[in-house]
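# Report on the structure
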Amino acid sequence: GAGVSQTPSNKVTEKGKYVELRCDPISGHTALYWYRQSLGQGPEFLIYFQGTGAADDSGLPNDRFFAVRPEGSVSTLKIQRTERGDSAVYLCASSLSGGFTDTQYFGPGTRLTVL
Amino acid sequence: AQSVTQLDSHVSVSEGTPVLLRCNYSSSYSPSLFWYVQHPNKGLQLLLKYTSAATLVKGINGFEAEFKKSETSFHLTKPSAHMSDAAEYFCVVSDTSGTYKYIFGTGTRLKVLA
């Protein structure tokens, strides 16, 4: 079956611009996660959705970052007034129910470059 | 709070020799632990996971890991390395604070020499 998909695969933008990154999870998965992976580092948690609601947004670095999942499926990560430090690979993952032993399935990521 | 420490940032082995990638964890509760592999420009792929069943966990592509509570370790091994094993490997613990988000180690880059 289809895995997690993310679009675009690459995004180049200028400092100060607004960007949207999209994640399409595995069908039927209620849990959706966003992570950010900087060069040479392990992914770091940003936000977790259970259904339509953001159950944990403690990883969002500041209020320029926002994410939605209005129908409990596709999610969009939105970054306002981008900064060069936002350059990273943004990963999306989904799992069946968000349980402790659930496996998270990752998408290929969106590489964001802020010039 | 949960955390994982990957003890080696880089490991080099010759093709056909054993692989050992080390991971230590810290957790207040019985943890869920995972190993993921990331090939260049590819997504993260699950190799194996431990969820309090058997302490020796077998994964894909001949990898296995042993959960040792007394040593708080979850090292990844493979008897014989293949060129295609060259990649970045991440040890992961599932957070127990309620949302079960993943906490990743800093990764180990495995190089396989011909």
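Now for a look at the structure at hand. (Residues numbered from 1 in each chain as written. Chains lettered and ligands numbered in written order. Predicted model: local features only at pLDDT ≥ 70, side-chain atom pairs only at ≥ 80, totals over all residues. Heavy atoms only, no water.)

Right, let's get into the overall build of chain B. Summing up its helical and strand segments, chain B has zero helices and 12 strands in all. Here the C-alpha atoms of chain B give a radius of gyration of 14 Å, agreeing with the 13 Å that 2.2 N^0.38 yields for 114 residues. If you line up chain B on its principal axes, its C-alpha atoms span 45 × 30 × 20 Å. Per-residue burial over chain B gives 44% buried out of 114 residues. (Helix = DSSP H or I, 4+ residues; strand = E, 2+ residues; numbered from the N terminus. Rg over C-alpha atoms; globule rule 2.2 N^0.38 Å. Buried < 20%, exposed > 50% of the residue type's maximum accessible area, 1.4 Å probe, protein only.)

The next thing to look at is the sheet that holds strand β8 (residues 75–79) of chain A. All names here are of chain A. Ordered by their spatial adjacency, four strands build an open sheet running β1-β3-β8-β7, and the pairing between neighbours is antiparallel. Two strands bound the open sheet, and with one partner strand each, they are β1 (5–7) and β7 (65–68). Mean inter-strand twist for the sheet, computed between neighbouring axes without regard to direction, equals 15°. Bridge count for β1 against strand β3 (residues 19–24) is three bridges, and the pairing is antiparallel. Of the residues in β3, the one forming a bridge with Gln 6 is Cys 23. (Pairing = 2+ DSSP bridges. Axes fitted to C-alpha atoms, helices over the stretch in contact; angles between N-to-C directions.)

Attention now moves to the interface of chain A and chain B. With 24 residues of chain A at the interface, the matching set in chain B holds 23 residues. Carbon and sulfur atoms supply 57% of the area buried between chain A and chain B, which totals about 1,700 Å² over both sides. Applying the counting rule to chain A against chain B returns one salt bridge. In this structure, the connection of chain A to chain B is made through 11 residue pairs in polar contact (both at pLDDT 80 or more). At the level of elements, β4 (31–37), β5 (44–50) and β6 (53–56) of chain A are the ones that each hand at least two residues to the side of chain A that touches chain B. Among the elements that make up the side of chain A that touches chain B, the one with the highest residue count is β4(A) (three residues). For the side of chain A that touches chain B, the residue count by class is 10 nonpolar, 11 polar and three charged. (Contact = heavy atoms within 4.5 Å. Buried area = accessible area lost by both parts, 1.4 Å probe. Salt bridge = Lys/Arg side-chain N within 4 Å of Asp/Glu carboxyl O. Polar contact = N/O pair within 3.5 Å; in protein donor to acceptor, adjacent residues only side chain to side chain. Nonpolar A, V, L, I, M, F, W, Y, C, P; charged D, E, K, R; others polar.)

A few words on the pattern of salt bridges. Overall, the coordinates contain nine salt bridges over all chains when judged by the stated rule. Each member of the salt-bridge network shares a partner with another, and the members are Asp56(A), Asp95(B) and Lys101(B).

Residues and elements named next belong to chain A. As enumerated under the stated definition, the model contains two disulfides over all chains in all. Residue Cys 23 pairs covalently with Cys 92 via a disulfide, S to S 1.8 Å. Where Cys 23 bonds to Cys 92 through sulfur, the torsion about that S-S bond is close to -65°, and the disulfide is left-handed. Placement of Cys 23 in strand β3 and of Cys 92 in strand β9 (residues 88–95) is noted, with a sequence separation of 69 residues between them. Each of the two residues, Cys 23 as well as Cys 92, counts as buried. (Disulfide = S-S within 2.5 Å.)

Residue and element names in this part refer to chain B. Where burial is concerned, the two faces of strand β12 (residues 108–113) differ: the one with Thr 108, Leu 110 and Val 112 is buried and the one with Arg 109, Lys 111 and Leu 113 is not. Strand direction decides the pairing type here: strand β2 (residues 10–14) and β12, joined by five bridges, are parallel. The residue bridging Val 13 from the neighbouring strand is Val 112, located in β12. Pairing of strand β10 (residues 87–94) with β12 involves three bridges; the strand directions are antiparallel. Opposite Tyr 89, over in β12, you have Thr 108 as the bridge partner.

Structural measurements only, silent on function.
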